[in-house]
Amino acid sequence: MIKTMLTIALISFAITIAIATVRIILGPSMPDRVIALDMIGVNLIASIAVISIMLKTRAYLEVILILGILSFIGTIAFSKYIERGVIIERKRSR
Amino acid sequence: MKINDVILRTVTKIVVFIILTFGVELFFSGHNDPGGGFIGGLVLSSAFVLLYLVFDIETVHRGVPFDFKKIAAFGAFLAVFTGIGGVLFGEPFLTQAFGLFDLPILGPTELASVLLFEAGVAFTVVGVVVTIILSISKDV
């Protein structure tokens, strides 16, 4: 029972990631692509958690934390590049 | 144009410490679990990259007044130096030792001299990654 549910969840996450990839390729504007990348990160985290439940191991929990950190930093970097055109500022501008 | 980023700065001031703590935990989880010097150093340097992203270079350098090139050099020196430590006892280069010790609070703990080597690797990774990020972000 739980195995079937986890498999269905994994397939749904895979479909979501595929749809987000289509949005990244087609996406009319740059913020669409950034949001789609962030969505792919969240779905990757969720699917790794599901795989970790299926395999009954705790070895993947660090992977989840690292993916969360890297997805957070990547989204911030992309948004700042779109908003200001510069990612790391040399001196305080305000 | 004034950009309001109060939420980002407030979140970063808390999240940086979580990332640093997780990096140290990865560093100490050693060779029995996923972790070690390289990955711990990468996570620590991602915390520094987040600081540089949210604040600017001058502000961060006022709070963290280290020259990261010197940190990388010190890490490489430390890693090679632990290798020489094995030579002093008549063993091959980079021989590592470990043992079980009874510590006052922690109880029986396994201490390995590979920890010093891993510390050198972590220092090197942090220094090199932050130096690369700062170099490629220079104004064109």
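Read on for a plain summary of the structure. (Residues numbered from 1 in each chain as written. Chains lettered and ligands numbered in written order. Predicted model: local features only at pLDDT ≥ 70, side-chain atom pairs only at ≥ 80, totals over all residues. Heavy atoms only, no water.)

Another aspect to go through is the overall build of chain B. When its secondary structure is counted, chain B shows five helices and two strands. Helices and strands appear in chain B in the N-to-C order α-α-α-α-β-β-α. What you see for chain B is a C-alpha radius of gyration of 18 Å, clearly larger than the 14 Å of a compact globule of 140 residues, by over 25%. Across its three principal directions, the C-alpha atoms of chain B cover 65 × 35 × 25 Å. In chain B, buried positions account for 38% of the 140 residues. Counted over contacts in chain B with a minimum sequence separation of 6, partners at least 24 positions apart contribute 59%. With the model as given, the accessible surface of chain B reaches about 8800 Å², and the carbon-plus-sulfur share is 75%. (Helix = DSSP H or I, 4+ residues; strand = E, 2+ residues; numbered from the N terminus. Rg over C-alpha atoms; globule rule 2.2 N^0.38 Å. Buried < 20%, exposed > 50% of the residue type's maximum accessible area, 1.4 Å probe, protein only. Contact = heavy atoms within 4.5 Å. Areas by Shrake-Rupley, 256 points an atom, 1.4 Å probe, with all protein chains shown as cover.)

Moving on, we come to the interface of chain B and chain A. Facing 27 residues of chain B, the contacting portion of chain A comprises 19 residues. Carbon and sulfur atoms make up 66% of the surface buried where chain B meets chain A, a total of about 2200 Å² over both sides. Where chain B packs against chain A, one counts one salt bridge. For the pair chain B and chain A, the number of links is two residue pairs in polar contact (both at pLDDT 80 or more). Of all elements in the fold, only helix H1 (6–28), helix H2 (37–54) and helix H3 (57–63) of chain B reach the threshold of two or more residues within the side of chain B that touches chain A. Here the side of chain B that touches chain A takes eight residues from H2 of chain B, the largest share from any one element. Looking at the side of chain B that touches chain A residue by residue, the class counts come to 18 nonpolar, three polar and six charged. (Buried area = accessible area lost by both parts, 1.4 Å probe. Salt bridge = Lys/Arg side-chain N within 4 Å of Asp/Glu carboxyl O. Polar contact = N/O pair within 3.5 Å; in protein donor to acceptor, adjacent residues only side chain to side chain. Nonpolar A, V, L, I, M, F, W, Y, C, P; charged D, E, K, R; others polar.)

On the surface, Val-80, Ile-84, Val-87, Leu-88, Phe-89, Phe-93 and Leu-94 of chain B cluster together into a nonpolar patch covering about 740 Å² of accessible area. Exposure remark for Leu-88 of chain B: the relative accessible area of 72% places this residue in the exposed category. (Patch = residues over 30% accessible without salt bridge, like charges linked within 9 Å, V, L, I, M, F, W, Y side chains within 5 Å.)

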